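Notes for the structure review
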Number of protein chains: 4
Amino acid sequence: MKALVYNGPRNVTIQDVPDAKIERPTDALVRITSTNICGSDLHMYEGRTDVEQGKVLGHENLGEVIEVGSAVDRIKVGDRVCLPFNISCGFCKNCERGLTGFCLTANPGFAGAAYGYADMGPYNGGQAEYLRVPYADFNCLRLPPDAQEKEADYVMLSDIFPTGYHATELANVQPGESVVVYGSGPVGLMAAYSAMLRGASKVMVIDRHPDRLRLAESIGAIPIDDTKGSPVDQVMSHTNGEGADKGCECVGYQAHDPQGHEHPNMTVNNLIKMVRATGRLGIIGVFVPQDPKGPDPLERKGEIAVDWGTFWSKGMSLGTGQANVKAYNRRLRDLIHTGRAKPSFIVSHTLPLRDAPDAYKHFDARDEGWTKVILQPALA
Amino acid sequence: MKALVYNGPRNVTIQDVPDAKIERPTDALVRITSTNICGSDLHMYEGRTDVEQGKVLGHENLGEVIEVGSAVDRIKVGDRVCLPFNISCGFCKNCERGLTGFCLTANPGFAGAAYGYADMGPYNGGQAEYLRVPYADFNCLRLPPDAQEKEADYVMLSDIFPTGYHATELANVQPGESVVVYGSGPVGLMAAYSAMLRGASKVMVIDRHPDRLRLAESIGAIPIDDTKGSPVDQVMSHTNGEGADKGCECVGYQAHDPQGHEHPNMTVNNLIKMVRATGRLGIIGVFVPQDPKGPDPLERKGEIAVDWGTFWSKGMSLGTGQANVKAYNRRLRDLIHTGRAKPSFIVSHTLPLRDAPDAYKHFDARDEGWTKVILQPALA
Amino acid sequence: MKALVYNGPRNVTIQDVPDAKIERPTDALVRITSTNICGSDLHMYEGRTDVEQGKVLGHENLGEVIEVGSAVDRIKVGDRVCLPFNISCGFCKNCERGLTGFCLTANPGFAGAAYGYADMGPYNGGQAEYLRVPYADFNCLRLPPDAQEKEADYVMLSDIFPTGYHATELANVQPGESVVVYGSGPVGLMAAYSAMLRGASKVMVIDRHPDRLRLAESIGAIPIDDTKGSPVDQVMSHTNGEGADKGCECVGYQAHDPQGHEHPNMTVNNLIKMVRATGRLGIIGVFVPQDPKGPDPLERKGEIAVDWGTFWSKGMSLGTGQANVKAYNRRLRDLIHTGRAKPSFIVSHTLPLRDAPDAYKHFDARDEGWTKVILQPALA
Amino acid sequence: MKALVYNGPRNVTIQDVPDAKIERPTDALVRITSTNICGSDLHMYEGRTDVEQGKVLGHENLGEVIEVGSAVDRIKVGDRVCLPFNISCGFCKNCERGLTGFCLTANPGFAGAAYGYADMGPYNGGQAEYLRVPYADFNCLRLPPDAQEKEADYVMLSDIFPTGYHATELANVQPGESVVVYGSGPVGLMAAYSAMLRGASKVMVIDRHPDRLRLAESIGAIPIDDTKGSPVDQVMSHTNGEGADKGCECVGYQAHDPQGHEHPNMTVNNLIKMVRATGRLGIIGVFVPQDPKGPDPLERKGEIAVDWGTFWSKGMSLGTGQANVKAYNRRLRDLIHTGRAKPSFIVSHTLPLRDAPDAYKHFDARDEGWTKVILQPALA
């Protein structure tokens, strides 16, 4: 089958690889119809991870079930399904409590597995024609009859919509609260969108790319351009000097200041300043346990200098980590189905799989207008 | 001062009564600018309670502070404030946990106090020119500079908006869930509106008055007319036979079937049928510990025949009771202030205080179009 | 194999039945070493259900895995496991949220399945030499090396300990609170024990059997004998007239007053009186959707007359239903393992399987001292 | 009146100061009968804060009400009361939600006020004969008739018992979980004690002072001596290599390694290693926004280098800050009253107020056996 293969830093190609197939009785085989490029794919693309050469990338996948293993009960051939990026068993101590992003079974020795991702187990990704889905009864989200009509919305259920939502869940955003979202990339936009869906009274989004800030504004958020003045001051001024009730970090360790310098602790420390005492933060931007090639000496060993004294004095709290996609994907699916959510507003490009290498190049360069790319193997 | 006084069943008049005044150092005195008639006022109006003659009615009050007691810290003369219908001390075992609807101090021997209400303490209501507000620092909600411009919205923070919201909180409505609301009177409409604000994927509202069902539809809910077929069947059909995720009871003990017979257990038992196993109900329609003049023998002693076996087998849960207004009114105020909520959509009439007796008559008769009345003492 | 078979009202016998065996690739086969008689088995024994003749009873099971299906990953031959009485798939809408008592897969058309139980699916029970365990990776709780030494404790994890704990969870018992438990049978004792483990400051248990009240007292609870005066008055007097903070119903629809008359609503209505305003109830005593042979006309159609007006006025809430055993069994297992819990204190008899018919007779007669029976097929 | 006055680093004396008195109608005046020295008093004593000279110290206070202001309703002369160390108004945005440690009224410009403490408002402490208590109805916890008999227990409700409990609440300790507590000083011991009361299956306490570790062991915890090997390895070994379910930080920024070097990030980073993925931390050890005289360059500006990448990859969360004493003190009081908790087990010395300067010296030197000191003005 055709697949997008990682060959080394900034080198990905479409190649023929062995067909994905059923390997265990609990597997399903899915013909991919849509698969996104994720911002976190760029960490691998840029060579900042130890992902192995030859890996098929792609963890935001949707398609049609074409075969199921002998132990699969619920999922049937012909079902249209969206796959959470996390691969989870459903029965370990974490999965049984809904913490499916931290499965103890699928990637032995580590809490968490995913398709086509560094350190997340031996699983190939779905930027390909076919995908093997382990523990299919647990991992497949079945889609309603409008699956094809709203495919660009439903494919967002694989990662980015639940991940943005997870930020608001970690921050425990309540109706009527004010929320600041750091970062207006796809994940930040989904966090802001989720905050709006949850009934926040005011959502502020910090970024500096005009196209991204425009998208934030288009969903009712207040765009805050951090090249136009201190983002802390701007948030304070939008909240009568009180600070936002809650904050979402959607940037991660590769945060840059407006002058282009990387500061892994910039977003967290600014959030500590701009969120009110007793406030809560949801941190979904990626941070890594070590970053040997990073510019910051602390960051090389995975540490950041946190403004801990202020954080503690303000009695703040925070939650972190990858989204447990299954915790939210049914309910978010229903919002799409009834027309109350339309996350595809972030999509800038829908391209054939063969254009993936070029798309990675543009996306990595943060080229104006390349917000979110859907790859479709069947596209001519 | 002028005030609306209860003289007996279906007999209320505007009379001159002694001016409300500061009685304790923690009081404030408020000049009322808007005060609503509430559906629950009709229980008293109709003579179904033991409210004393001479009582000034009115528990949905908003106005301007014109005097404060010597121990009042936070509230200042000139503040525009909305008053929760519950009177609460702020320091008893219930208030300190936010259960301000069940204050143990303000109405000794009973958990809960209110303005101008049967069995809720010796407090006069605000359908009058002035209102005494006990524990003013705790009870007054200060309004922002747009207080007068949006007064018709803000006055809904006194009771009906938080009460409708409370139904969704008791039912623990989550984003993406389906919700059925029984009753499309003002409280039911506010519950439906709150469910929409919280991100429900589908809100179904059951009633039979076309004007009320139209209002439900206008906010994005699905109107269900129980004269057009079994409401249980209709909800099942809207939810693929599964039942709604959550339910809100907004009718109370005076529920009638389409043929006009009163069945105090009708709404609860129908909700048990139309909500899915493990679902949760929020019951904010009023039920009373005894109803000596009621038509139903069980109801006379405050009992209803609940379909308990089905309820238990489905593993359902429920919460009941008056709203703790202070638990929500700040956040709902902020939604009004930022323009994300506009609860005044239910208002049908804004009238001078002197028209109150006539308004009670129409409201009690459920006359077409009399959804919600605001009384304004200053209106010419 | 030998098994305890239901032949009709008050007629159970040990018979030879076909061996339990692996039927699906996700099954495990367990050799039973301990299996309890449950109070709810008596509903079937007494002929108050429609359980089919020929059914093997027994849903409180523990044993050793002797075979696994081809799709079983986690569970190995030789594992000592305790089985939740609920059979659950792990991947339906309810199971994935931890609501494993309401599985939508294992008993199609109904939310919930169990071993050897009326209306809970086509599964035989474990009062037998062997048991087939569906979805074995999800349903088996593995036991630590002290499995055999503490078998009488660990077998309580199948139902009764988590069920008693569930009552305290439904009631949301917090450290320092006072709790009233209605019923001092095995489930009530486990609810009281759980309340103590959770740090309740005062646990009151209502019953009238001296041996059961003594057991309650032995774990630090206050025994309340309802033949010695109104249980409401007694609880009020133990709580300074305030009422208990929380309540647990552990009796169900076959509640009798001290004079021996059945009142299905007695315990719920008394709890409404004896728990404080804003309090919460956990209802785990069994109530059934219909009871054609019951003495009470309402109860025959599954209804009870609830003191709803008082319940509502006090702003109370409640949760009901079967325990989701998997939600608690790991943590309760760890309490047994570290010696902090010893639920076997309720065991009165450990008997060979062949004595089961006689044990049912004594247990059904509530004979003095027959609190809890463990059956062991291997016992000589 | 006599009072313990701060004169400068390591210089405190008993002096005559003006009598505390009623200043506002909402005040009460309390004759102090017991007042503790707190570990956090040592930050001031050692000169690591900017507390003003002349301040009366002491925020762990209990006594008898001898006068009340004209607006005080609930509290009466003669009441025995324990005072939360936090001074809170009861009506601000934080207090009304129970976040009384972050009152916005009592110390304008800062969220939080306390008696006799640096940066926590102009309030004198209670290491004195009398104490002025603002907002008395809200702040006084009334004690039951055994107030004097159990005074050594009840005085712990002012700070240390609720503070230890708060650590377990921030970490959301559930029955059956394993918990590691960093630090076995008075607060760490109270956290461990609280974890036991909440039903933890295993509580591990890390320290190196033998007397403190013995106290931990005496309440059923596992003592871990960090001079005997890596505390991370020891916790891993006690938890089958999995890590503890939850962690409590009870040391703060002045943490030292066994060699005596200060490492403000040592405890947090070790907890990140020794708690399992998805685990939660409660941080109640004090951290300060700046520490100009501290040895660590990051710490001087209030920062610590946190192992953020590992924290994030493990999907952990945490809560911080001072305890909201009122959130817990009623329930903990009831545990003392019914004999289920006896926090006075940490008391090593009960001394007359006049011995306070000497007691500070010993306590600051961590002299063997000086665990917790109660000062009693009336003691001869």
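Here goes a summary of the coordinates provided. Note that the structure is predicted; figures quoted are calculated from it, not measured. Positions within a chain are numbered from 1, following the residues in the order the chain's sequence is written. Labels follow written order: the first chain is A, the first ligand is 1, and so on. Thresholds applied to this predicted model are a pLDDT of at least 70 for local features of residues and 80 or more for the giving and counting of side-chain atom pairs; totals over whole chains, interfaces and linings are not thresholded and use all residues. Excluding hydrogens and water, the side-chain figures rest on all heavy atoms present in the structure.

Focus on the overall build of chain A
As a reminder, the rule being used: A helix here means a DSSP run of H or I that spans at least four residues, while a strand means a run of E at least two residues long, and both kinds are numbered starting from the N terminus. Just to be clear, the radius of gyration here is over C-alpha atoms, and the globule rule we use is 2.2 Å times residues to the power 0.38. A simple rule labels every residue: compare its accessible area, found with a 1.4 Å probe on the protein chains alone, to the largest value its type can have, and call it buried under 20%, exposed over 50%, or partly exposed in between. Contacts between residues were defined by any pair of non-hydrogen atoms, one from each residue, lying within 4.5 Å. In these tables, accessible area is a Shrake-Rupley quantity obtained with a 1.4 Å probe, and a residue counts as shielded only by the protein chains included in the view. His is not counted here, nor are the chain ends, while Lys and Arg score as positive and Asp and Glu score as negative. We put the charge of a Lys on NZ, of an Arg on CZ, of an Asp on CG and of a Glu on CD.
Of regular secondary structure, chain A possesses 12 helices and 16 strands. A globule of 380 residues ought to have a C-alpha radius of gyration of about 21 Å, and chain A, at 20 Å, matches this closely. The principal-axis extents of the C-alpha atoms in chain A amount to approximately 60 × 45 × 40 Å. In chain A, which comprises 380 residues, the share counted as buried stands at 70%. Contacts spanning at least 24 positions in sequence make up 72% of the contacts within chain A whose residues lie at least 6 apart. In the form shown here, chain A has an accessible surface area of approximately 12,000 Å², with 49% of it arising from carbon and sulfur atoms. If you average the places of the 39 positive and of the 46 negative side-chain charges in chain A, the two averages end up 4 Å apart.

So, the side chain of Asp226 of chain B
Residue and element names in this part refer to chain B. Using the following cut-off: Under this definition, polar contacts are N or O atom pairs within 3.5 Å; protein pairs additionally need one hydrogen-donor-capable and one acceptor-capable atom, and for neighbouring residues in sequence, both atoms have to be side-chain atoms.
Structurally, the position occupied by Asp226 is in the loop between strand 10 (222-225) and helix 7 (231-238). A distance of 2.7 Å separates polar atoms of two side chains, one belonging to Asp226 and the other to Arg208. Apart from the residues within four sequence positions on either side, Asp226 is in contact with Ile206, Asp207, Arg208, Pro231, Gln234 and Pro258.

Description of the relation of the copies chain A and chain D
Let me state the cut-off plainly: Copy-to-copy superposition: least squares on the C-alpha atoms, limited to residues that have pLDDT of at least 70 in both copies.
For the pair chain A and chain D, the superposition axis carries a translation of 0.0 Å, the fit reaches an RMSD of 0.0 Å, and the rotation angle comes to 180 degrees. Interpreted geometrically, this transformation is the action of a two-fold axis. Closest to the rotation axis within chain A is the C-alpha of Ala305 of chain A, separated from it by 2.1 Å.

With respect to the sheet that holds strand 14 (residues 317-320) of chain A
The condition that has to hold: Only strands joined by at least two bridges in the DSSP assignment are considered to pair. A fitted line through C-alpha atoms represents every axis, and for helices the fit uses only the stretch in contact; the resulting angles, taken between N-to-C directions, go from 0 to 180 degrees.
Read across the sheet, 12 strands follow the order 10(A)-9(A)-8(A)-11(A)-12(A)-14(A)-14(D)-12(D)-11(D)-8(D)-9(D)-10(D) without closing on themselves; strand pairing throughout is mixed. Each edge of the sheet is formed by a strand with only one pairing partner; in this case those strands are strand 10 (222-225) of chain A together with strand 10 (222-225) of chain D. Ignoring which end each strand starts from, the neighbouring axes of this sheet average 20 degrees apart. Note: strand 11 (residues 244-249) of chain A against strand 12 (residues 275-283) of chain A, five bridges, orientation parallel. Each bridged residue has a counterpart across the sheet, and for Gly247 of chain A the counterpart in strand 12 of chain A is Leu281 of chain A. Each of strand 11, strand 12 and strand 14 of chain A is contacted by helix 4 (residues 160-170) of chain A, which is oriented at about 150 degrees to strand 12 of chain A, the strand it contacts most. Together, strand 8 (178-182), strand 9 (202-207), strand 10 and strand 11 of chain A form the strand contacts of helix 7 (residues 231-238) of chain A, whose direction differs from that of strand 10 of chain A by roughly 150 degrees.

Digging into helix 12 (residues 356-364) of chain D
Residues and elements named next belong to chain D. How we decide: Taken from the helix axis, the directions to the C-beta atoms give the arc we talk about.
Within helix 12, the full set of buried residues consists of Ala356, Ala359, Tyr360, Phe363 and Asp364. One face of helix 12 carries all of its buried residues, which in axial projection span an arc of 125 degrees. Buried residues along helix 12 sit against strand 1 (2-8), strand 2 (11-16), strand 3 (28-37), helix 1 (41-45), strand 15 (349-352) and strand 16 (373-376). Looking one or two residues past helix 12, Arg366 carries a phi angle of roughly 50 degrees, positive in sign.

Regarding the interface of chain A and chain D
Cut-off, in case you're wondering: Any carboxyl oxygen of Asp or Glu within 4 Å of a side-chain nitrogen of Lys or Arg constitutes a salt bridge here. Three classes are used, and their members are as follows: Ala, Val, Leu, Ile, Met, Phe, Trp, Tyr, Cys and Pro are nonpolar, Asp, Glu, Lys and Arg are charged, and the others, Gly among them, are polar.
Counting from both sides, the interface comprises 45 residues of chain A and, opposite them, 45 residues of chain D. Where chain A meets chain D, there are four salt bridges. Contributions of two or more residues to the side of chain A that touches chain D are made by helix 8 (266-274), strand 12, strand 13 (304-306), helix 10 (308-313) and strand 14 of chain A. The dominant element in the side of chain A that touches chain D, judged by the number of residues it contributes, is helix 10 of chain A, at six residues. For the side of chain A that touches chain D, the class distribution of residues is 21 nonpolar, 14 polar and 10 charged. Judged from the three bridges that link them, strand 14 of chain A and strand 14 (residues 317-320) of chain D form a sheet pairing that is antiparallel. Across the sheet, the residue bridging to Gly319 of chain A is Ser317 of chain D, located in strand 14 of chain D.

Quick word on the pattern of salt bridges
Enumeration according to the criterion identifies 118 salt bridges over all chains in this entry. Measuring nitrogen to oxygen at the nearest pair gives 3.6 Å for the salt bridge that ties Asp146 of chain A to Lys150 of chain A. Here the two residues Asp146 of chain A and Lys150 of chain A agree in accessibility, since each one is buried. Measuring nitrogen to oxygen at the nearest pair gives 3.0 Å for the salt bridge that ties Arg48 of chain C to Asp291 of chain C. In this pair, Arg48 of chain C sits in the loop between helix 1 (41-45) and strand 4 (60-68) while Asp291 of chain C sits in the loop between strand 12 (275-283) and helix 9 (297-300), placing the two residues 243 residues apart along the sequence. Shared partners join several salt bridges into a network, and the residues in it are Arg10, Glu46, Asp364 and Arg366 of chain A.

Some thoughts on the packing of aromatic side chains
Worth spelling out the cut-off: Ring pairs are drawn from Phe, Tyr and Trp, using the six-membered ring of Trp, whenever the two centres fall within 6.5 Å, and their geometry is named by plane angle: stacked under 30 degrees, edge-to-face over 60, tilted for the rest. Charge over a ring is defined by NZ of Lys or CZ of Arg lying within 6 Å of the ring centre and within 35 degrees of the ring normal.
For the structure on display, the rule yields 28 aromatic pairs over all chains. Geometrically, the ring pair formed by Tyr45 of chain A and Tyr360 of chain A is tilted, given 5.2 Å between the ring centres and 35 degrees between the ring planes. With Tyr45 of chain A in helix 1 (residues 41-45) and Tyr360 of chain A in helix 12 (residues 356-364), this pair connects stretches of sequence that are 315 residues apart. A centroid spacing of 4.9 Å and a plane angle of 55 degrees characterise the contact between Tyr165 of chain D and Tyr328 of chain D, whose relative ring orientation is tilted. Of this pair, Tyr165 of chain D sits in helix 4 (residues 160-170) while Tyr328 of chain D sits in the loop between strand 14 and helix 11 (329-337), and the two are 163 residues apart along the sequence. A single burial state applies to Tyr165 of chain D and to Tyr328 of chain D, both of which are buried. Taken together, the ring pairs in this structure connect Phe161, Tyr193 and Phe345 of chain A into an aromatic cluster. We note Lys326 of chain C situated over the ring of Phe138 of chain C; from NZ or CZ to the ring centre the distance is 4.4 Å. Of note, Arg198 of chain D hangs over the ring of Tyr165 of chain D, and the distance from its end group to the ring centre comes to 4.9 Å.

Digging into the pairing of strand 2 (residues 11-16) of chain A
Residues and elements named next belong to chain A. In this sheet, strand 2 lies alongside strand 1 (residues 2-8) in antiparallel orientation, the contact comprising six bridges. Directly across from Gly8, in strand 2, lies its bridge partner Asn11. Between strand 1 and strand 2, which pair antiparallel in sequence order, lie two residues; one of them, Arg10, sits at a positive phi of approximately 55 degrees.

Looking at helix 8 (residues 266-274) of chain D
Along helix 8 of chain D, eight of the nine residues are buried, which leaves the element largely enclosed by surrounding structure. The complete set of buried residues in helix 8 of chain D reads Met266, Thr267, Val268, Asn269, Asn270, Leu271, Ile272 and Met274 of chain D.

Considerations on the environment of Ala305 of chain A
Along the chain, Ala305 of chain A falls in strand 13. The exposure class assigned to Ala305 of chain A is buried, which follows from its relative accessible area of 6%. Each C-alpha atom of the pair Ala305 of chain A and Val56 of chain A lies 35 Å from the other, and the pair is 249 residues apart in sequence. Once residues lying within four places of it in the same chain are set aside, the contact partners of Ala305 of chain A are Asn265, Asn269 and Leu298 of chain A together with Leu298, Glu303, Ile304 and Ala305 of chain D.

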